[in-house]
Amino acid sequence: QLYPEVAALVQRATGAKVALPYHHMLRNAQRHRQAAWQPEGERQCIVAAPGAFVHTDHVQDSNYRMTPAGGKLDKLEKPAVLSEAVAGRYAIINVWVPIAPVERDAFAMADWRSLAPEDGWGPEGEWFNPAHSWFYFSKMVPGEALLFKQHDTDR
């Protein structure tokens, strides 16, 4: 139900001719515990606990079909639409939208300028380098949105 709004937001923010939303996830600890008791076929969407470790939602690859996006888009869009959308430059952009005021488990993002290919894993298995700089998006409210690029073929 949010897909048309998300597509319009991405197009306004980026100037893209086409935006093809393909996946969504609700991150909420309480709803995650409740959904765990529902049969998988009865779940409305993917419900996950807030991310508790540093991760990325997309693996860099120049061929979208090799990414999680590729398999999902193939099921949602007509082949001609996809062929046109990926014929030139394309990007995969995450959109983070709070559905209620964020009072805990705020979204955090590493500043890409502080990252290095040789960054290693910390003592608890997390991606770690003390030189990383972070942005925290606390106290976000419905009506706000955070867009961040995961992949761009024009990198």
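If you're wondering where the values come from, they're calculated on a predicted model, not measured in any experiment.

Cut-offs used in this document
- Residues numbered from 1 in each chain as written.
- Predicted model: local features only at pLDDT ≥ 70, side-chain atom pairs only at ≥ 80, totals over all residues.
- Heavy atoms only, no water.
- Helix = DSSP H or I, 4+ residues; strand = E, 2+ residues; numbered from the N terminus.
- Buried < 20%, exposed > 50% of the residue type's maximum accessible area, 1.4 Å probe, protein only.
- Contact = heavy atoms within 4.5 Å.
- Areas by Shrake-Rupley, 256 points an atom, 1.4 Å probe, with all protein chains shown as cover.
- pLDDT = per-residue confidence, 0-100.
- Salt bridge = Lys/Arg side-chain N within 4 Å of Asp/Glu carboxyl O.
- Phe/Tyr/Trp six-rings, centres within 6.5 Å; stacked < 30°, edge-to-face > 60°.

Visitor: Mind showing me how you'd approach the overall build of the protein here?
Guide: From N to C terminus, the protein includes four helices and eight strands. The 155 residues of the protein split such that 21% are buried. Here the analysis covers contacts within the protein between residues at least 6 apart in sequence; of these, 60% occur between residues at least 24 apart. Put simply, the protein shows about 11400 Å² of open surface, and 55% of that area lies on carbon and sulfur atoms.

Visitor: Can you walk me through the confidence of the model for the protein in this structure?
Guide: Caution applies to low-pLDDT parts of the model: their predicted coordinates are not meant to be read in detail. Put simply, the protein has an average pLDDT of 75, and 65% of its residues get 70 or more. Averaged pLDDT values over the elements of the protein bottom out at 62 in helix α3 (residues 68–76) and peak at 92 in helix α1 (residues 3–14).

Visitor: Mind showing me how you'd approach unusual backbone geometry here?
Guide: Phi is mostly negative for residues that are not glycine, and the peptide bonds are mostly trans. Positive phi values are uncommon outside glycine, yet D105 reaches one of about 55°. By the element assignment, D105 lies in the loop between β3 (91–96) and β4 (107–110). Backbone geometry places K139, a non-glycine residue, at a positive phi of 60°. Position of K139 relative to the elements: it lies in the loop between β7 (134–137) and β8 (146–152). What makes K139 exposed here is its relative accessible area of 68%.

Visitor: How should the environment of M109 be read in this particular structure?
Guide: One can find M109 in strand β4. Along the sequence, M109 and F135 sit 26 residues apart, while their C-alpha atoms lie 5.2 Å from each other. Excluding its chain neighbours within four sequence positions, the residues that come into contact with M109 are S133, W134, F135, F137, L146 and F148.

Visitor: Any chance you could explain the environment of A100 here in plain terms?
Guide: Following the sequence through the fold, A100 ends up in the loop between β3 and β4. Between the C-alpha atoms of A100 and K139, which are 39 residues apart in sequence, the distance is 9.8 Å. Contact partners of A100, with chain neighbours within four places excluded, come to M140 and P142.

Visitor: Explain the pattern of salt bridges here, please?
Guide: Side-chain pairing between opposite charges can occur once the charged atoms of the two side chains come close. The full count for this structure, using the stated rule, is five salt bridges. Of the charged contacts, one joins D105 and R104 as a salt bridge, the two residues approaching to 3.3 Å between their closest N and O atoms. Judged by its relative accessible area of 40%, D105 is partly exposed. Of the residues examined, R104 reaches a relative accessible area of 64% and is grouped as exposed. The shortest N-O distance in the salt bridge between D111 and R113 comes to 2.8 Å. When its relative accessible area of 11% is taken as the criterion, D111 is described as buried. Within the structure, one salt-bridge network assembled from shared partners comprises R89, K149, D152 and D154.

Visitor: Would you take a moment to explain the packing of aromatic side chains for this structure?
Guide: Think of a pair of aromatic rings as described by two things: how far the centres are apart, and how the planes are tilted against each other in angle. The final tally for this structure, using the stated rule, is three aromatic pairs. Seen from their ring centres, W96 and F107 are 5.4 Å apart, and the 45° between their planes marks the pair as tilted. With W96 in strand β3 and F107 in strand β4, this pair connects stretches of sequence that are 11 residues apart. Residue W96 is classed as partly exposed on the basis of its relative accessible area of 21%. Residue classification places F107 among the buried residues on the basis of a relative accessible area of 16%. With 5.2 Å between their ring centres and 40° between their planes, F107 and F148 make a pair best called tilted. Within this pair, whereas F107 is found in strand β4, its partner F148 is found in strand β8, the two being separated by 41 residues in sequence. Put simply, the rings of W96, F107, F137 and F148 touch in pairs and so form one group of aromatic residues.

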